[in-house]
Amino acid sequence: MKTTSFHISSELVPQHLDAPAGELESYIMTSCKTQLARLLEDLGLGQYYRKKIQLRKILEIDEKTLIDEPGNQKSDLPWYFLRKLVMVNVTARNVKCTSVCNSCNDNTSGNAKLSFENLFNSTNTDDKVNSLDIITALFLCSDGFLQQEIALKMSMCQFSVPLLLPNCDTNQCTLMLWAMRDIVKKYRPQSLSESKGFIEDRIVLSELPMISFVRLGECSLSKSEILNKLLSNSQQYHDTFVHYNMECGDSPRRTSNGLTEITWYLPGGKANIDIVSQPVAVANLRGDIASFQTQYSFLCQTSAAIFVFFDHLDSESELSLLTNQQHKAQIFLVGNNVSKHNSTDSLKKLVQTMGLTKTNIIIKTKQRNDADFVKSLRQTVRDVVRNSKMKMTIEQMADIAHELGILVDEESPECQTAKTNAEAITAEIQHIHRFKEDQLPQQGEIWKELTWLEKEEFRLQHIGSENIQDYKSELQKRKKELRKKQNSYEMSTAMTCFINAISSPGTKRFYFLKWMRMNLDNLSRIKLSELQEKYKEKCKNSENKKEINEIDRQISNSSLGTEHFFREMGQIYEASLSLPQTDPARQQLQHLPKLLLDGFPLELVDGDASNIPLRWVSDVLSQLSDLVSPNRKILVVTVLGVQSTGKSTLLNTMFGVQFAVSSGRCTRGAFMLLIKINEDMKKVLNCDFMLIIDTEGLKSPELAQLDNSFEHDNELATLVVGLSDVTIVNITMENSTEMKNILQIVVHAFLRMKEVGKKPKCVFVHQNVSDVSAHEKNLRNRKLLLEQLNETTQAAARMEKKEENKSFTDVMEYSPDTGNWYIPGLWNGNPPMAPVSVGYSEAVYELKKNIIQLLGNCESSANDIMEFKEWVTSLWTAVKHENFIFSFRNSLVADAYTSLCAELDKWEWEFKKEMYTWVTNAETRISNFGTIAVKSESSDINEFLKCLKSEASTLLSTWEKKFLENLTLS
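One structure accompanies this document, and this report is about it. (Residues numbered from 1 in each chain as written. Predicted model: local features only at pLDDT ≥ 70, side-chain atom pairs only at ≥ 80, totals over all residues. Heavy atoms only, no water.)

1. A short note on the pattern of salt bridges
Pairing is possible between side chains of opposite charge, provided their charged atoms come close. Throughout the structure, instances matching the rule amount to 30 salt bridges. E261 is the partner of R286 in a salt bridge, and the nearest nitrogen-oxygen pair spans 2.5 Å. Note that R286 is positioned in strand β7 (residues 280-288) and E261 in strand β6 (residues 260-265), a separation of 25 residues in sequence. The exposure class assigned to E261 is buried, which follows from its relative accessible area of 3%. (Salt bridge = Lys/Arg side-chain N within 4 Å of Asp/Glu carboxyl O. Helix = DSSP H or I, 4+ residues; strand = E, 2+ residues; numbered from the N terminus. Buried < 20%, exposed > 50% of the residue type's maximum accessible area, 1.4 Å probe, protein only.)

2. Focus: helix α33 (residues 865-881)
Note: α-helices contain 3.6 residues per turn, so residues at a spacing of three or four share the same orientation. With 17 residues, α33 should reach 24 Å at 1.5 Å per residue; the first-to-last C-alpha distance of 25 Å fits that figure. Within the span of α33, buried status applies to I865, F868, K869, W871, V872, L875, W876, A878, V879 and K880. The N-terminus of α33 is capped by D864, whose side-chain oxygen sits 3.1 Å from the backbone nitrogen of M866. (Expected span 1.5 Å × (residues − 1). Polar contact = N/O pair within 3.5 Å; in protein donor to acceptor, adjacent residues only side chain to side chain.)

3. Some details on unusual backbone geometry
Note that the residue after P831, namely P832, is joined by a cis bond; omega there is 10 degrees. Residue position: P832 is located in the loop between β18 (820-823) and α32 (838-856). Within the chain, V88 stands out as a residue other than glycine whose phi angle is a positive 55 degrees. Relative to the helices and strands, V88 is located in the loop between α3 (77-86) and α4 (98-108). With relative accessibility at 1%, the residue V88 sits in the buried group. With a phi angle near 55 degrees, N171 is a residue other than glycine that sits in the positive phi range. Residue placement: N171 occurs in the loop between β1 (161-167) and β2 (172-175).

4. Observations regarding the sheet that holds β1
Strand order in the open sheet made by the nine strands is β10-β9-β8-β5-β7-β6-β1-β2-β11, with mixed pairing throughout. Either end of the sheet is taken by a strand with one partner, and the two such strands are β10 (361-364) and β11 (407-408). Here strand β5 (residues 210-215) runs beside strand β8 (residues 305-310); their pairing, made up of five bridges, is parallel. Within the sheet, the bridge partner assigned to R215 lies in β8 and is F309. Together, β1, β2, β5, β6 and β11 form the strand contacts of helix α14 (residues 394-403), whose direction differs from that of β2 by roughly 155 degrees. (Pairing = 2+ DSSP bridges. Contact = heavy atoms within 4.5 Å. Axes fitted to C-alpha atoms, helices over the stretch in contact; angles between N-to-C directions.)

5. Observations concerning the environment of Y48
If you trace the backbone, Y48 turns up in the loop between α1 (21-42) and α2 (55-59). Considering only alpha carbons, one finds Y48 and L138, 90 residues apart in sequence, at a separation of 9.1 Å. With residues up to four places along the chain from it excluded, the contact list for Y48 reads I53, K57, W79 and C141.

6. Overview of the packing of aromatic side chains
Under the counting rule described, the total for this entry stands at 17 aromatic pairs. Considering the side-chain rings of F213 and F307, the 4.9 Å spacing of their centres and the 10 degrees angle between planes classify their relative orientation as stacked. With F213 in strand β5 and F307 in strand β8, this pair connects stretches of sequence that are 94 residues apart. For the residue pair F213 and F307, the accessibility class agrees, reading buried in each case. (Phe/Tyr/Trp six-rings, centres within 6.5 Å; stacked < 30°, edge-to-face > 60°.)

7. Focus: the pairing of β10
Of the two faces of β10, the one holding I362 and K364 is buried and the one holding I361 and I363 is not buried anywhere. Pairing geometry for strand β9 (residues 330-336) and β10, over four bridges, is parallel. Across the sheet, the residue bridging to V334 is I362, located in β10.

8. Here we look at the pairing of strand β13 (residues 633-641)
In terms of residue burial, β13 counts as a mostly covered element, since eight of its nine residues are buried. Pairing between β13 and strand β19 (residues 863-864): two bridges, direction antiparallel. Across the sheet, residue K633 finds its bridge partner in β19, namely D864. Both β13 and strand β15 (residues 689-695) contribute to a ladder of six bridges, which runs parallel. By the bridge assignment for β15, I634 is matched with F689. In this sheet, strand β16 (residues 726-731) lies alongside β13 in parallel orientation, the contact comprising five bridges. Each residue of the ladder has a partner; that of T638, found in β16, is T727.

9. Regarding helix α12 (residues 344-354)
Where α12 is concerned, the buried positions are S346, L347, L350 and V351. Down the axis of α12, the buried side of the element spans an arc of 135 degrees, and every buried residue falls inside it. Across α12 from its buried face, at more than 90 degrees, point the exposed residues T344, D345, K348, Q352 and T353. At the C-terminal side of α12, G355 shows a positive phi close to 65 degrees. (Arc of directions from axis to C-beta.)

This is the structure in structure tokens:
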């Protein structure tokens, strides 16, 4: 097995050291082994080298959340980097202590005394830390789940991520396969540009060619800076790789030599913008390959091409290193002719030995500027990608890593056991719809019918002429029969495996859930892609209506995630409440509160059935209360918005959480996630936890075609706003009317429901607005919005006989001046190569600080977990009682409907009164027919009846015309 040697920067070796080669090597190895410990001590991470940092710690809200300062000592730098990275801020790598910044400012101030001696001395870099060292240290000190989060957010920032992570204490490096498993990329190769198709795949499973860049000996060219130029077009330059001329890039690397980073160039299907027309992975080895032969060997066997940067090739060992490797990759030599030591003889010898051609040698001459040099390098890369047959997934690279003695990060027993358990469930899934019917039967039609019965029990919309008690008894009977039917099902194989796996101890449980989520996402993505292709084909022929409808139904049912398994558990549990207390089915939720505590979203509202399994949710919250100390207080933040407005992305960026954001997911409803408040912030917020509720998009096209679409959205909105202390209303210009309609219904519902006793705070977030004058220019729009909401509040108050409510702000706390936030677009440039905009990240950070301040100013104290449980129950019960207001688009329509009903009642009464008078008169005339008193009447009975019918018909026609005229006027 080859061992990895490590290159020590000359700055780290004492200049006076004058010793034989063997002693020097011994000194270097001793120094190297302690280098990591020294760095971790400087960064304040020493305690986390063995006891790893957990994701839970990073999600905590502490006092530093409100402070955007890097700190004045080195131990603040890793946490500052993580805070920035979790909020996907592309400036995260620009980390230096404020003491360094201040000293730089002092040196450049106008008052500083001019010293010609100091002008030519380099700035002291002792107080600066290279960002690559911080990244390496954090990966070494983080658990697998935090590593995944770091890699995912780095990828969103378009930073390179570690492929091979070095550890100079153990002389080992690790393939970071697990860390990259969460990264999903979308792109459009040139072959799909006409059809507007795209590929979406988990990056470690994507079979791509890899181009690697390495350095041999000294090199005056900045390899990483050239790489950044190579991967960026002229309109969208971005520093993917850290290089010397970046902030802190000139600091000596202490532990990150040997780090092999990877990034991906992914085309968008636009010939004038794409640098390469096909997707390609790009790897970059830090340090000299002579010192990191294991990493170099790995790259030689996994890459389609390797570009070796050098200044001179004089040493035999350097030449043999290039010629003795088992090369599967093409070798390209990239030299700099500026060097005085460059030897053409050595280069000729190497070219002849390796059988290289002219195209394999790229030389930077004095007459060639950077732009031309990068252009020729880019053309070589294009040729390699276009002609290469060498493609490999990162997952396949694990086999080569094993052969070379490289560790693989996901080979811990917990991870592998969890993977096996997850694959035992997901490997059997062929058709998602059938799988749900066979293995998850309790949440389908049975649960939807139970939902309908529950609401009908409160609303009595279909009672007809039946007796109320008899009708309610019948509903109760049908509910019991459905629960009995649920209990008659034996637990499916998939659910048995799932429940057994989540009953494992902590780490195994979370590995299992992560594997399940990734496997199910992969499966849903594949099935959805296949169905969308079928749908596209069938839509070309308008005669395929029946088949199109069937595919459309399958697309709606193609979503399958861990929430479906938890939903099934909920139904098994609720059905089992009629069983004895000791029954195993009643013991299945004991692990769920721990998931909430570790940042795992749990379903609150099942959007498919539009219902909350109340006993299930209540008991989960009760167990959560038992798990933490008694009387723990929580505050609730909710986001609400129309579909595809970036609600989940907003929450994920704001709090560093992971709500599902994929556009392919069809799941609906609301999900809750718990974030711990750090001790230093508990006094500020007067609470222990923050509960974040994410709602699936309202006004979805999929629901719009259903009769009860208004009802579904309005119920969900009323519930989550009623539960929250702060509601973020996420809107864009295109859907502001839709959100206004929903808010009107929420206000109206609050006025109707006695149970809503609190006054939630409301914040409007306007997405995709980057204009600096947006707040000032939209003053009239904000004023108009408030006037409209006031008008509808007054209309609702009149209807509900609660006219003390004069304005929207009487029901929800909202300020037009401070309650509106304008956030620029998410991406800085054109995806898929665009990083997240720093403007977006900074605006969301400011919003986060404002929301925390709003929560701190809450007049009412936070509820404890048990009080929140009771609040969910009472509020949902109140929502189920409502059968009138939720069926309207907005409260003005409801007011108009009520007014029309009142007018109709009036017209009906007048009509009945006149008809009654006419009928009474006609009866009198019929009774007197033929008598002396009515001699003027026709003596022919038939003529008389004909006359009466004509009169009745004329009267009815007159009233019909009158009704139509009144309706038109209304």
